[in-house]
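Structural overview for review
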Amino acid sequence: MIKHFTYLLYTGLLCIASFSSVHAQQQCATNAHRNANLAANPALVQKRADLETFTQNWIADQQNRGQESRVVETVSVVVHVLFKNGEENISDAQIESQIDVLNEDFRKLNSNASSTASGFRGIAADTEIEFCLATTDPAGNPTNGITRTQTTVDNIGDTENWYSTADGGKDSWDYTKYINIWVCDLGDEGLLGFATVPDSADPPESDGMVIGHQFFGTTGTAANSFPNELGRTVTHEMGHYFNLEHIWGPDEGGCNEDDFVSDTPNQFTETDGCLSFPAFDDCTTSGNGINYNNYMDYSYDECMTMFTEGQKMRMLAALNGPRSGLLSNSCAPVVGVNDRPGLIQVQAFPNPASNHLTIQLEEGVQLNGHRFWLSDAVGREVLELAPQLMMSIDVSGLDSGIYFLRSDAGINATRILISK
Ligand SMILES: [Zn+2]
């Protein structure tokens, strides 16, 4: 049962409805699903408690070690589009726009990062997690990481049918190796989406997240979904998937339960809209106030700008614990068919770059008759390059994000970060 919250402010005879209608009801049903699953399956309660112990120990251990061995990890996403009507059958481009947002937000390459409130900029994190649409399906066949299923079930995301092909939904791909995202109709109750926190899915095959198609990506059916039109519903739900709580904690109002993250201020309940720094509430009444820019709050998409360093460590604990199967199924884009040891080496600098990028190829590379280009994280060509051993490239027209140097000339993969 999904709880709905209504906010009504009465002052004498005046009724001040200062919250927009979409925010008058619960946006994220992650806690409702978790609570229902744990109530129906008490073994999960102990599993979750054990996971919390693991998480705190893992974080303490990492803090003792420093950052000696950490690398950027890329995890495979499969998007299951469930549609009854045509408009719910969203385009590949809309799906790719969501993967872009995830990569920008999780790598702190989001274009609004600079608008993070001054008191919190110092703890805004690059989580070092990247996302890619799956390139290989569970049977080992090439895939674009998208499945499409027509259904006769109304509002299928608001039923228990979404994860079952037999019931009009779509069976998950191996939930230990892929992040399964079902994109569908969630009804008109103001619900944007929900995710399964680790060790809470019941049945396990329902693990992943369910997102309303109007809140997935930034184009197509999402383009007019203000204030949730910038793809941050999925950034938020991905935080839950990697074991983040709402920034106000698992309670729905109060100061006794926090979010188990040391650097996020205690917060009473969700915020709404776009607050100004500093913002205080019943739980945090001084200092920098509450972290309303956090992806795990309910602020408008345009005002969400950050995860904290503490949240990053909690997510990395999940990635190295209950989500570690993802690490064996990375889908980092392959540079042509040549991403193998022994091929020609490439240097790119500075990396990250902002306006100019230099690419230095090893002597001996065959330039004649070969193409060189930059692609974005999902493989779309964004810039063709004139082949030379030393290429000076104007990248001022590219958005912040992750790019790859690609060629058919037998070069090794080169990941390039553009950061404005
Ligand atoms: Zn949530």
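Residues numbered from 1 in each chain as written. Predicted model: local features only at pLDDT ≥ 70, side-chain atom pairs only at ≥ 80, totals over all residues. Heavy atoms only, no water.

Attention shifts here to the state of the cysteines. Per the counting criterion, the structure on display carries 2 disulfides. Across the disulfide, Cys255 is cross-linked to Cys283 (sulfur-sulfur distance 1.9 Å). Handedness of the Cys255-Cys283 disulfide follows from its S-S torsion of about -90°: it is left-handed. Of this pair, Cys255 sits in the loop between α4 (232-241) and α5 (309-319) while Cys283 sits in the loop between α4 and α5, and the two are 28 residues apart along the sequence. Cys255 gets classed as partly exposed once you look at its relative accessible area, which sits at 32%. Classification of Cys283 as buried rests on a relative accessible area of 18%. (Disulfide = S-S within 2.5 Å. Helix = DSSP H or I, 4+ residues; strand = E, 2+ residues; numbered from the N terminus. Buried < 20%, exposed > 50% of the residue type's maximum accessible area, 1.4 Å probe, protein only.)

Right, let's get into the coordination of the zinc ion. At the metal site, the zinc ion is ligated by Cys28 (SG), His236 (NE2), His240 (NE2) and His246 (NE2), and these contacts range over 2.0 to 2.2 Å. One can describe the site at the zinc ion as tetrahedral: its 4 donor atoms subtend angles covering 100 to 121° at the metal. Overall, the relative accessible area of 4% leaves His236 in the buried class. (Donors = N, O, S within 2.8 Å, 3.2 Å for Na, K, Ca; no water. Tetrahedral: all angles 85-135°; square planar, octahedral: opposite > 155°, others 65-115°.)

Turning next to the sheet that holds strand β13 (residues 390-394). What the 3 strands build is an open sheet, ordered β9-β10-β13; its pairing is antiparallel. At either margin of the open sheet sits one strand with a lone partner, and together these are β9 (346-349) and β13. On average, each strand axis in the sheet is tilted by 20° relative to the strand beside it, whichever way the strands run. As defined by bridge partners, β9 adjoins strand β10 (residues 356-361) across 4 bridges and the pair is classed as antiparallel. (Pairing = 2+ DSSP bridges. Axes fitted to C-alpha atoms, helices over the stretch in contact; angles between N-to-C directions.)

Right, let's talk about the pattern of salt bridges for a bit. Here the structure, examined in full by the defined rule, presents 12 salt bridges. A salt bridge links Glu130 to Arg107; the nearest nitrogen and oxygen atoms lie 2.5 Å apart. Of this pair, Glu130 sits in strand β4 (residues 129-133) while Arg107 sits in the loop between α3 (92-106) and β4, and the two are 23 residues apart along the sequence. Residues Arg371 and Glu384 are paired through a salt bridge, measuring 3.1 Å at the closest nitrogen-oxygen approach. Of this pair, Arg371 sits in the loop between β10 and β11 (372-376) while Glu384 sits in strand β12 (residues 381-385); the two residues are 13 residues apart in sequence, bridging distant segments of the chain. (Salt bridge = Lys/Arg side-chain N within 4 Å of Asp/Glu carboxyl O.)

The next thing to look at is the packing of aromatic side chains. All chains considered together, the criterion is met by 11 aromatic pairs. On the numbers, 4.9 Å between centres and 75° between planes, the contact of Phe106 with Phe131 is edge-to-face. Placement of the pair is Phe106 in helix α3 and Phe131 in strand β4, with a sequence separation of 25 residues. Of the two residues examined, Phe106 and Phe131, each falls in the buried class. Taken together, a centroid distance of 5.1 Å and an interplanar angle of 90° make the contact between Tyr241 and Phe242 edge-to-face. The exposure classification of Tyr241 matches that of Phe242, with both residues buried. An aromatic cluster is defined as three or more aromatic residues linked by ring pairs; in this entry it consists of Phe106, Phe131, Tyr295 and Phe307. (Phe/Tyr/Trp six-rings, centres within 6.5 Å; stacked < 30°, edge-to-face > 60°.)

Note that Thr152 resides in the loop between β5 (146-150) and β6 (179-184). Taking the C-alpha atoms as reference points, Thr152 and Gly168, separated by 16 residues in sequence, lie 6.7 Å from one another.

Here we come to unusual backbone geometry. Residue Phe226 is joined to Pro227 through a cis peptide bond whose omega torsion reads 5°. With respect to the helices and strands, Pro227 occurs in the loop between β8 (209-212) and α4. Here the amide bond leading from Phe277 into Pro278 is cis, since omega sits at -10°, within 30 degrees of zero. Residue placement: Pro278 occurs in the loop between α4 and α5. In this structure, Lys108 takes a positive phi of about 55° despite not being glycine. With respect to the helices and strands, the residue Lys108 is situated in the loop between α3 and β4. Take Lys108: its relative accessible area is 36%, and that puts it in the partly exposed class.

Quick look at helix α2 (residues 43-65) now. Since there are 3.6 residues in each turn of an α-helix, residues three or four apart along the chain are aligned in direction. Relative to the 33 Å expected for 23 residues at 1.5 Å per residue, α2 spans 33 Å between its end C-alpha atoms, a close match to the ideal helical length. Burial in α2 covers these residues: Leu44, Arg48, Leu51, Glu52, Thr55, Trp58, Ile59 and Gln62. (Expected span 1.5 Å × (residues − 1).)

What follows concerns the nonpolar core. Inside soluble globular proteins, nonpolar side chains tend to come together where they are buried. In this structure, Phe131, Ile179, Ile181, Met209, Phe216, Met238 and Phe242 are the most contacted members of the largest nonpolar core, which totals 45 residues. Of all the secondary structure elements, the ones that give two or more residues to this core are α2, β3 (73-83), α3, β4, β6, β8, α4 and α5. Element by element, the count of residues in this core is highest for α5, at 6 residues. Not counting chain neighbours up to four residues away, the residues in contact with Phe242 comprise Phe131, Ile179, Pro198, Arg314, Met315, Ala318, Leu319, Arg323 and Leu326. Core analysis: the next-biggest nonpolar cluster, separate from the first, contains 19 residues, Met391, Ile393, Tyr403 and Ile416 among them. (Core = buried A, V, L, I, M, F, W, Y, C linked by side-chain atoms within 4.5 Å. Contact = heavy atoms within 4.5 Å.)

On the secondary structure map, Asp259 appears in the loop between α4 and α5. Notably, Asp259 is buried but unbridged: the nearest opposite-charge side chain belongs to Arg314, and the N-O separation is 7.4 Å. A distance of 3.1 Å separates a polar side-chain atom of Asp259 from the backbone nitrogen of Val261. Within the local environment of Asp259, its side chain forms a polar contact with the side chain of Thr264, the two groups lying 2.7 Å apart. Those residues in contact with Asp259, other than ones at most four positions away along the chain, are Glu245, His246, Ile247, Gly249, Thr264 and Arg314. (Lys, Arg positive; Asp, Glu negative; His and termini not counted. Polar contact = N/O pair within 3.5 Å; in protein donor to acceptor, adjacent residues only side chain to side chain.)

Fair warning: the whole summary comes from geometry, so function is off the table for now.
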